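Here is how the chains run, residue by residue.
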Amino acid sequence: MRVEGATAVVTGAAGGIGLAVARALLERGAASVVLADLDGDRLADAASALGEEFGERVLHRAADVTAQIGVDAVLQTSPAPVDLYVANAGVFQGFGLDASPQDWAASWEVNVMAHVAAARALVPQWLERGATDGPAGCFVSVASAAGLLTQLGSPTYSVTKHAAVGFAEWLAATYGDRGVQVTTACPMGVRTAMLEEGETSTDTDARLGMRAVTSAGEALAASDVAATILDAVEAGRFQALPHPEVATMWAQKASDPDRWVAGMQRYRRTLES
């Protein structure tokens, strides 16, 4: 998928990775980028700041993208049919076995079903459009290394990020040879508000989760993650790994799951001590 000239949508774009991806898209020549987020005030501020630099190519729509009506509203804000959709909105809540039903429900809706709602709206359009010089459309799932490995401290995050990766794999296997490109991003630690909130949380499992992330590798700037994602999009790659060491960890897990689980247990104990 060529970013230059593309019409794009980015969810969770009021800050963090989403805002960094929106900026990177504009810098690489996207024709227009619609920023979407549930937090309307932060979104308006982010869009205004980008608009000062990139003008009318920046649009925004406050919406709940876990609901089909919210996804449809965002897509209708775009001035042209969407070529590239970045499903980035995510939540990190629910820690240990005490995670509430509400935490589980919110994690499932935002981290997984928001991707499903977007794909339901876009994939039929892309199939009808058909591929010409390149894919008819590109779906980017911003998941996490937790979706390939695990997330100490938070079962809700680990399970739903595994599901996000699984859905992206299914999309690619089902539609990847029919004009729909799929890319999934699986970073470890990224210097965003989500990471900072976990580091300062009063919940011991939340702090464990963030220590696990920051101890396993360098916490990257959101701009670095955005660059890796768009490099993968433009190269037509399914997997975007901002932390290359995740590939090694993932291979070790696949080759010897028992050894990998034992290693994670030891790692957890060192973080708890």
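**Student:** I'd like to hear about the overall build of the protein, residue by residue, with values.
**Tutor:** Secondary structure assignment for the protein yields ten helices and seven strands. Whereas a compact globule of 273 residues would reach a radius of gyration of roughly 19 Å, the protein reaches 18 Å, a difference of no more than 12%. Taken along the three principal axes of its C-alpha coordinates, the protein extends 55 × 40 × 30 Å. Residue pairs at least 24 apart in sequence account for 73% of intrachain contacts in the protein once pairs closer than 6 positions are excluded. The positive charge centre, built from 19 side chains, and the negative charge centre, built from 32, are 6 Å apart in the protein.

**Student:** Account for the packing of aromatic side chains, naming residues and giving values.
**Tutor:** Evaluation of the coordinates by the stated rule reveals five aromatic pairs. Residues Phe 167 and Trp 170 carry aromatic rings whose centres are separated by 6.2 Å and whose planes lie at 15° to one another, so their mutual orientation is stacked. Here Trp 170 and Phe 167 lie together in helix 5 (residues 155-175), a separation of three residues that amounts to about one turn. Taken together, a centroid distance of 5.9 Å and an interplanar angle of 80° make the contact between Trp 170 and Tyr 175 edge-to-face. Note on Trp 170: relative accessible area 46%, which makes it partly exposed. Directly above the ring of Trp 260 sits Lys 253, whose terminal nitrogen or CZ lies 4.9 Å from the centroid.

**Student:** Run through the pattern of salt bridges, naming residues and quoting values.
**Tutor:** As a working rule, side chains carrying opposite charge can pair if their charged atoms are close by. Overall, the coordinates contain seven salt bridges when judged by the stated rule. A salt bridge links Glu 234 to Arg 28, with the shortest nitrogen-to-oxygen separation between them at 2.8 Å. Taken as a pair, Glu 234 in helix 8 (residues 222-235) and Arg 28 in the loop between helix 1 (16-27) and strand 2 (32-37) lie far apart in primary sequence, 206 residues in all. Glu 234 gets classed as partly exposed once you look at its relative accessible area, which sits at 39%. Relative accessible area serves as the criterion here: at 26%, Arg 28 is assigned to the partly exposed category.

**Student:** Quick one: what's the story with the pairing of strand 2, residue by residue and with numbers?
**Tutor:** Across the six residues of strand 2, six count as buried, placing the element largely inside the fold. By the bridge criterion, five bridges tie strand 1 (residues 7-11) to strand 2 in an arrangement that is parallel. Residue Val 10 lies in a different strand from strand 2, and its bridge partner there is Leu 35. Since strand 1 and strand 2 lie parallel, the crossover through helix 1 that links them has a hand, and here it is right-handed. Sheet topology note: the strand 2/strand 3 (residues 58-62) ladder contains five bridges and is parallel. By the bridge assignment, Ala 36 is partnered in strand 3 with Arg 61.

**Student:** Tell me about helix 5, and please be specific about residues and values.
**Tutor:** The terminal C-alpha atoms of helix 5 lie 30 Å apart, and with 21 residues this matches the ideal 30 Å at 1.5 Å per residue to within 8%. Within the sequence span of helix 5, burial applies to Thr 156, Tyr 157, Ser 158, Thr 160, Lys 161, Ala 163, Ala 164, Val 165, Phe 167, Ala 168, Leu 171 and Tyr 175.

How each quantity is defined
- Residues numbered from 1 in each chain as written.
- Predicted model: local features only at pLDDT ≥ 70, side-chain atom pairs only at ≥ 80, totals over all residues.
- Heavy atoms only, no water.
- Helix = DSSP H or I, 4+ residues; strand = E, 2+ residues; numbered from the N terminus.
- Rg over C-alpha atoms; globule rule 2.2 N^0.38 Å.
- Contact = heavy atoms within 4.5 Å.
- Lys, Arg positive; Asp, Glu negative; His and termini not counted.
- Charge placed at Lys NZ, Arg CZ, Asp CG, Glu CD.
- Phe/Tyr/Trp six-rings, centres within 6.5 Å; stacked < 30°, edge-to-face > 60°.
- Buried < 20%, exposed > 50% of the residue type's maximum accessible area, 1.4 Å probe, protein only.
- Lys NZ or Arg CZ within 6 Å of the ring centre and 35° of its normal.
- Salt bridge = Lys/Arg side-chain N within 4 Å of Asp/Glu carboxyl O.
- Pairing = 2+ DSSP bridges.
- Right-handed = clockwise from strand over helix to strand, strands pointing away.
- Expected span 1.5 Å × (residues − 1).

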